[in-house]
Amino acid sequence: MESYFLIMFPFLLVGIFALPVQFEKPFDTNNVGKPAAPAKTYIVDLDLAPSERWKNLIEGYDLTYLKQGLNQIIDAVVPSPELTNVIQRILGDLDKFIPEPYADEMRGLSDSSGIPLGQIVLINLIYDFTAYASNSSSKACTSIVTRNNLGQIIQGRNLDYELSPSVLRNITIQVDFQQNGKTAYMGTTYVGYIGLITGYRPGAFSISGDERYSGNIWFNILAALEGSHFTFFTERRILQESSDYVSALNQVTNTPTIAPVYFILGGLKGNEGAIIVKNSKTTEAVIRLGENFTHPWFIVETNYDPWNKPPKSDDRRDAAVASLVKIGEKSMNRTELYKVLSTPPVCNGQTTYTTIMSAAQSYYHTMVRYDAPALK
């Protein structure tokens, strides 16, 4: 049975994720136009057994809204209810393909919330099997690494996502991952998603991931079958294991991921900043802070290769660059960086949250962008 499943798994994934995604209006748009608000912070105790780590968060959370949100997102990605039920039954047995501690964490989330394990797994796999060249209809993030007049690194990011941004705003949280009662690292995620797309390790480095449209779904599937790593489980593992910027850069560069992605890394000072451009399985390029002589004190990544000009229909990069140049290195600080990330079209109808972080300043703060422009 297992060998049959291994043979059929890639074809199942093609059937799921090669279908066109049907984006519908969110079931609740009442949060549009509200002021931005700080994301609520929850503690995940890494000293607990993996299956117990998210229990306190789930038990204190309004699961009605979460379940409605997850159902809407899954329905958009997998349009057929019958196929959804089949997928959930199969994915519920997929823990053998997902590394620990993440498999047990997902089991614990399922047990605590009553949400089927298949749904939890599917939500956590969405990026790895939807990030490819022909699936590029949405804006999907802006990341900036800057240096201030003291030489300290400050990083900021917007997380944009076309798939029900109103829903995602309502399940955006900060997580303080603690060991021995102290912060090991922090991250921003959506309830039910245990990987990290944004995070920092105090006194060490900060990191974000932006979607890259490259390759095709078969590259991702083959990478998964050949042992490459789930993209945003990788980011969380780097935050867990790397103790400084250099080790984080080495780990990002040398870890094969299932999906293409831009990892944006910030350190403590000087030129400790980089955009790591990754294909499925391989690293294509590393662009370092200081290499651009026009503006050596910052780097900007949206969703296009740094050496290519972004399309006129989605030029968030040039808008961000213009704002940064206007501010200047001497005046750069956390407040000014937040203003850059709030400038249209850098902030847009798909923006779910903005995080400002600095490992040098031991600062991490996420604002939920209820104030983002309404989707047209």
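Quick notes on the rules
- Every chain begins its residue count from 1, and numbering advances along the sequence as written.
- Residue-level local features of this predicted model are given only where pLDDT is at least 70; pairs of side-chain atoms are given and counted only at 80 or more, and the full residue set underlies all totals for whole chains, interfaces and linings.
- Working from all heavy atoms in the structure, the side-chain values ignore hydrogens and water.
- Strands are labelled as partners when DSSP assigns at least two bridges between them.
- Working definition: helices are DSSP H or I runs of at least four residues, strands are E runs of at least two. Numbering for both runs from the N terminus.
- A residue's pLDDT is the confidence the predictor assigns to it, expressed on a 0 to 100 scale.
- By the convention used here, residues are in contact when the closest approach between their heavy atoms is within 4.5 Å.
- For helices, the axis comes from a line fit to the C-alpha atoms of the stretch in contact; other axes are also lines fit to C-alpha atoms, and the angle between any two N-to-C directions lies between 0 and 180 degrees.
- Orientation labels follow simple angle bins: below 35 degrees gives roughly parallel, above 145 gives roughly antiparallel, 65 to 115 gives roughly perpendicular, and whatever is left gives oblique.
- Here a crossing is called left-handed whenever its near helix is offset anticlockwise from the far helix by less than a right angle, and right-handed whenever the offset is clockwise.
- When residues are grouped by polarity, Ala, Val, Leu, Ile, Met, Phe, Trp, Tyr, Cys and Pro land in nonpolar, Asp, Glu, Lys and Arg in charged, and all others, Gly among them, in polar.
- Buried, partly exposed and exposed residues are distinguished by accessible area as a fraction of the type maximum, computed with a 1.4 Å probe on protein chains only: under 20%, between the cut-offs, and over 50%, respectively.
- The reported arc concerns the directions from the helix axis to the C-beta atoms and nothing else.
- Residues adjacent in sequence count toward polar contacts only when both atoms are side-chain atoms; beyond that, a polar contact is any pair of N or O atoms within 3.5 Å, and within protein one must be able to donate a hydrogen and the other to accept it.
- Any carboxyl oxygen of Asp or Glu within 4 Å of a side-chain nitrogen of Lys or Arg constitutes a salt bridge here.

Our next topic: the sheet that holds strand E13 (residues 351–358). Pairing within the open sheet is antiparallel, and its six strands lie in the order E1-E14-E13-E4-E3-E12. Looking at the sheet topology across the chains shown, the edges are occupied by strand E1 (37–38) and strand E12 (298–301). Where E1 meets strand E14 (residues 363–368), two bridges bridge the pair, whose relative direction is antiparallel. Bridge pairing in E14 links Ala-37 to Val-368.

Turning to the confidence of the model for the protein, a few remarks are in order. Mean pLDDT for the protein: 87, with 85% of residues reaching 70 or above. Overall, residues 1–8 carries pLDDT values under 50, and its contacts beyond four positions in sequence, including any with other chains, amount to five contacts. Low pLDDT (under 50) marks residues 19–29, which in the prediction has 24 contacts with non-local residues, meaning those over four places away or in another chain.

Read from one edge of the open sheet, eight strands run E2-E5-E6-E7-E8-E9-E10-E11, paired in mixed fashion. The outermost strands of the open sheet, each flanked by one partner alone, are strand E2 (40–45) and strand E11 (283–288). Across the sheet, the axes of successive neighbouring strands diverge by a mean angle of 20°, strand direction being ignored. Relative to the sheet, helix H9 (residues 231–241) contacts strand E5 (172–179), strand E6 (182–190), strand E7 (198–201), strand E8 (205–211) and strand E9 (261–266), its axis offset from that of E8 by approximately 175°. Taken strand by strand, helix H10 (residues 245–254) contacts E8, E9, strand E10 (273–278) and E11, and its axis lies near 10° from that of E10.

We now examine the packing of helix H11 (residues 316–327) against helix H12 (residues 334–341). Following both chains from N to C, one finds H11 and H12 inclined at 150°, their axes separated by 9 Å at the closest point. The orientation of H11 relative to H12 falls into the category roughly antiparallel. The chirality of how H11 crosses H12 is right-handed. Across from Ala-320, Ser-323, Leu-324 and Ile-327 in H11, the residues of H12 making contact are Glu-336, Leu-337 and Val-340. Here the contact of H11 with H12 is composed, by residue class, of five nonpolar, one polar and one charged.

Of the residues making up H10, those classed as buried are Tyr-245, Ala-248, Leu-249, Gln-251 and Val-252. All buried residues of H10 fall inside an arc of 165° around its axis, so they share one side. Turned more than 90 degrees from where H10 packs its buried face, Val-246 and Asn-254 sit exposed. Where H10 is buried, its residues meet E8, H9, E9, E10 and E11. Structurally, the start of H10 carries an N-cap: the backbone nitrogen of Val-246 is 3.3 Å from a side-chain oxygen of Asp-244.

What follows deals with the pattern of salt bridges. Inspection of the entire model under this criterion finds 15 salt bridges. One salt bridge connects Arg-53 with Glu-105, and the closest N-O pair in it is separated by 2.8 Å. Remark: Glu-105 occurs in helix H5 (residues 102–113) and Arg-53 occurs in the loop between E2 and helix H2 (55–59); sequence separation between them is 52 residues. An identical accessibility class is assigned to Arg-53 and Glu-105; each is buried. The salt bridge involving Asp-314 is made with Arg-316; its shortest N-O contact spans 2.7 Å. For the pair Asp-314 and Arg-316, one class covers both residues: buried. Taken together, the salt bridges that share partners define one network made up of Arg-53, Glu-105 and Arg-236.

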